[in-house]
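Chain residues, written in single-letter form:
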Amino acid sequence: MPITEAHLETLNKALGQSGLRSTRQREVVYGVVAVAKDHPTADEIFARSRQEMPTISLATVYNCLETLNDCSLIRQVNFERESTRYEPNLQPHAHFYCDKSGRVMDVQLPDELFSKLKNLLPQTASVSSIELNFRGNMPQS
Ligand SMILES: [Zn+2]
């Protein structure tokens, strides 16, 4: 699926702010991650990107993902011992990792919970991000 006009605009704006320009490769990779709801790994993003651009290499996909992450267009999601996953959802939220299916689901948390968590730290601490991961088994409905 080709990148949407809206996503293209977001991409060009963010890259421009970092002094970078858009490339066809960056457009393809961002187009894939921007609509992904399943927290794909780099390998999965590579497979989806090849449907759009058969000549793209895995190394290029990794480079693009790094750039997009640096520009705060996408976010990395890490679980111990698992491959890094990527997502377009930049809002603070937690994740549930299902050990049985390997699926990763977003868990929305109330804003006040994040403030409460931050309040557990000394007042002098400045928080740039919080990672909250659940792990277990979630039968598919
Ligand atoms: Zn997520």
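Residues numbered from 1 in each chain as written. Predicted model: local features only at pLDDT ≥ 70, side-chain atom pairs only at ≥ 80, totals over all residues.

Novice: Give a description of the packing of helix H2 (residues 24–34) against helix H3 (residues 42–52) that names residues and reports values.
Specialist: Across the interface, H2 lies against H3 with an axial gap of 9 Å and an inter-helix angle of 120°. Compared by their axis directions, H2 and H3 come out oblique. Considering only the axes of H2 and H3, their crossing is right-handed. Where H2 abuts H3, its residues Val28, Val29, Gly31, Val32 and Val33 lie against Ile45, Arg48, Ser49 and Glu52. Residue classes in the contact of H2 with H3 are distributed as five nonpolar, two polar and two charged. (Axes fitted to C-alpha atoms, helices over the stretch in contact; angles between N-to-C directions. Helix = DSSP H or I, 4+ residues; strand = E, 2+ residues; numbered from the N terminus. Parallel < 35°, antiparallel > 145°, perpendicular 65-115°, else oblique. Left-handed = near helix turned anticlockwise from the far one by under 90°. Contact = placed C-beta atoms within 7 Å. Nonpolar A, V, L, I, M, F, W, Y, C, P; charged D, E, K, R; others polar.)

Novice: I'd love a proper account of the nonpolar core, names of residues and values included.
Specialist: If you look at the biggest cluster of nonpolar residues, it comprises 16 residues, and the most contacted ones within it are Val29, Tyr30, Val33, Ile45, Val61, Leu65 and Leu68. Breaking this core down by element, the ones donating at least two residues are helix H1 (5–17), H2, H3 and helix H4 (58–70). Broken down by element, this core gets its largest block of residues, five residues, from H2. When neighbours within four sequence positions are excluded, valine 61 is seen to be in contact with Val29, Ala42, Ile45, Phe46, Ser49 and Ile56. (Core = buried A, V, L, I, M, F, W, Y, C linked by C-beta atoms within 7 Å. Buried ≥ 20, exposed ≤ 12 C-beta atoms within 10 Å, placed from the backbone.)

Novice: I'd love a proper account of the sheet that holds strand E3 (residues 94–98), names of residues and values included.
Specialist: With mixed pairing, three strands are arranged side by side in an open sheet as E4-E3-E5. The outermost strands of the open sheet, each flanked by one partner alone, are strand E4 (104–107) and strand E5 (133–136). Averaged over all neighbouring strand pairs, the angle between strand axes comes to 25°, with direction disregarded. (Pairing = 2+ DSSP bridges.)

Novice: Kindly report on the packing of H3 against H4, identifying the contributing residues and their values.
Specialist: Their axes nearest at 10 Å, the elements H3 and H4 cross at an angle of 110°. Taken together, the axis directions place H3 and H4 in an arrangement best described as roughly perpendicular. Crossing handedness for the pair H3 and H4: right-handed. Across the interface between the two elements, Ala42, Ile45, Phe46 and Ser49 of H3 pack against Leu58, Val61, Tyr62 and Leu65 of H4.

Novice: Report on the domain arrangement of the protein, specifying residues and quantitative values.
Specialist: When the domains of the protein are assigned, the result is domain 1 (5–86) and domain 2 (91–136). Distance between the C-alpha centres of domain 1 and domain 2: 23 Å. Contact residues are listed per partner, giving four residues for domain 1 and four residues for domain 2. (Domains from an automatic or database assignment.)

Novice: An account of the pairing of E3 is requested, with residue identities and associated values reported.
Specialist: Strand residues, when the strand is regular, have side chains that alternate between the two faces of the sheet. In E3, alternate side chains face the same way, and those of His95 and Tyr97 are buried while those of Ala94, Phe96 and Cys98 on the opposite face are not. Inspection of the sheet shows E3 paired to E4 by four bridges, in the antiparallel sense. Paired with alanine 94 across the two strands is valine 107, which belongs to E4. Here E3 hands over to E4 after five residues, with glycine 102 in that stretch at a positive phi of 75°. Bridging between E3 and E5 involves four bridges; their strand directions are parallel. Each bridged residue has a counterpart across the sheet, and for cysteine 98 the counterpart in E5 is glycine 136.

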